[in-house]
Amino acid sequence: MDSVLDLLHQTMSSPWVYLALFAVAVVDGFFPVVPSETAVITAGVFAATGQPDLPLVVVVAALGALVGDHVSYAIGRHGGGRLLARLPAPARGAASDESGRHGRGSRRRAAVERARRGIAARGGLILVVARYIPGGRTAVTLTMGATRFPRRRFLAFDALAALSWGVYSALVGYLGGLAFERDPVRGLLLGLGLALTLTAVVESVRWARGRRVRSRVSRPAGAR
């Protein structure tokens, strides 16, 4: 463990750590298997000891997140749009063919249209909230690109989302580092625990709201 801590201290005190944080945040925006939160929180923990610099960690993480989200948006805009255009439009009373492809395509197209309407109505809020959900943010940015959400509005809301996420992730780690200044491992565990707790709360609220919406949609028209 001492060897691991020494390696982490050396890594976090290197100027290359900022480039690494930027790269991790970029890749996580469109390939959500890279733990960008973990990297930023870890940097925040060690920032409590003086290295790396906390404000620079926030700026680098936010810029990386912004670039990564725009890569995901571009992928959805240039690849997803053509896929959506091929889906058959839903028609009332339309029966599926023998293979069932038409029916499945129509249902997918209807789901996409619902997503398009939801994003058009409150896309900014969805984007900001999704930034705190690993994997969920990629799905949202891809969908926003595929549904042609206005690029300028996407930039404005995504800048807010990326900056707030960078501040949150770095400060969570920093507070953990301050609480356990002599034990960075416990500080890291505290920071990760706080991040996981917030993610769980956001997901629970989203699931509960989605369940209420689905129950209202499935309720018969005459029911109260």
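Residues numbered from 1 in each chain as written. Predicted model: local features only at pLDDT ≥ 70, side-chain atom pairs only at ≥ 80, totals over all residues. Heavy atoms only, no water.

Right, let's talk about the packing of aromatic side chains for a bit. For any pair of aromatic rings, the description rests on two quantities: the centre-to-centre distance and the angle between the ring planes. Taken as a whole and judged by the stated rule, the model has two aromatic pairs. Here Y132 and Y168 contribute two aromatic rings whose centre-to-centre distance is 5.2 Å and whose plane-to-plane angle is 65 degrees, an arrangement assigned as edge-to-face. Taken together, the positions of Y132 in the loop between α5 (101–130) and α6 (136–146) and Y168 in helix α7 (residues 151–179) put the pair 36 residues apart, joining distant regions of the chain. In this arrangement the basic side chain of R131 is found over the ring face of W165, its NZ or CZ atom lying 4.9 Å from the centre. (Phe/Tyr/Trp six-rings, centres within 6.5 Å; stacked < 30°, edge-to-face > 60°. Helix = DSSP H or I, 4+ residues; strand = E, 2+ residues; numbered from the N terminus. Lys NZ or Arg CZ within 6 Å of the ring centre and 35° of its normal.)

When the terminal C-alpha atoms of helix α2 (residues 16–30) are compared, their 22 Å separation across 15 residues agrees well with the 21 Å that a helix rising 1.5 Å per residue should span. Along α2, the residues classified as buried are V17, Y18, L21, A25, V26, D28 and G29. (Expected span 1.5 Å × (residues − 1). Buried < 20%, exposed > 50% of the residue type's maximum accessible area, 1.4 Å probe, protein only.)

With that settled, the discussion passes to the pattern of salt bridges. Tallying each qualifying case throughout the model produces three salt bridges. Between E37 and R137 there is a salt bridge whose closest N-O contact spans 2.7 Å. Placement of E37 in helix α3 (residues 36–47) and of R137 in helix α6 is noted, with a sequence separation of 100 residues between them. Accessibility assignment for this pair places E37 and R137 in one class, buried. Note that D69 and R131 form a salt bridge whose closest N and O atoms lie 2.7 Å from each other. Placement of D69 in helix α4 (residues 54–86) and of R131 in the loop between α5 and α6 is noted, with a sequence separation of 62 residues between them. Overall, the relative accessible area of 2% leaves R131 in the buried class. Salt bridges sharing partners connect three or more residues here, namely D28, E37 and R137. (Salt bridge = Lys/Arg side-chain N within 4 Å of Asp/Glu carboxyl O.)

For the rest of this paragraph, the subject is unusual backbone geometry. Omega for the bond connecting Q51 with P52 falls within 30 degrees of zero, at 0 degrees, which places this linkage in the cis form. In this structure, P52 sits in the loop between α3 and α4. A positive phi is found at R148, a non-glycine position, where the angle reads about 60 degrees. Mapped onto the secondary structure, R148 falls in the loop between α6 and α7. Among the residues examined, R148 registers a relative accessible area of 48% and is labelled partly exposed.

With that out of the way, let us pick up the confidence of the model for the chain. Within the chain, residue pLDDT values average 76, and 63% of them lie at 70 or more. Averaged pLDDT values for the elements of the chain fall to 60 in helix α1 (residues 2–12) and rise to 92 in α2. (pLDDT = per-residue confidence, 0-100.)

A separate point is the nonpolar core. The tendency in soluble globular proteins is for nonpolar side chains to be buried as a group. Counting 22 residues, the largest nonpolar core has L21, V40, V57, W165 and A170 as the members making the most contacts within it. Residue assignment for this core shows that the elements contributing at least two residues are α2, α3, α4 and α7. The residues touching V57, leaving out its near neighbours within four places in the chain, are Y18, L21, V40, A43, P52 and A170. Y73, V140, F149 and F154 belong to the second largest nonpolar core, which has eight residues in total. (Core = buried A, V, L, I, M, F, W, Y, C linked by side-chain atoms within 4.5 Å. Contact = heavy atoms within 4.5 Å.)

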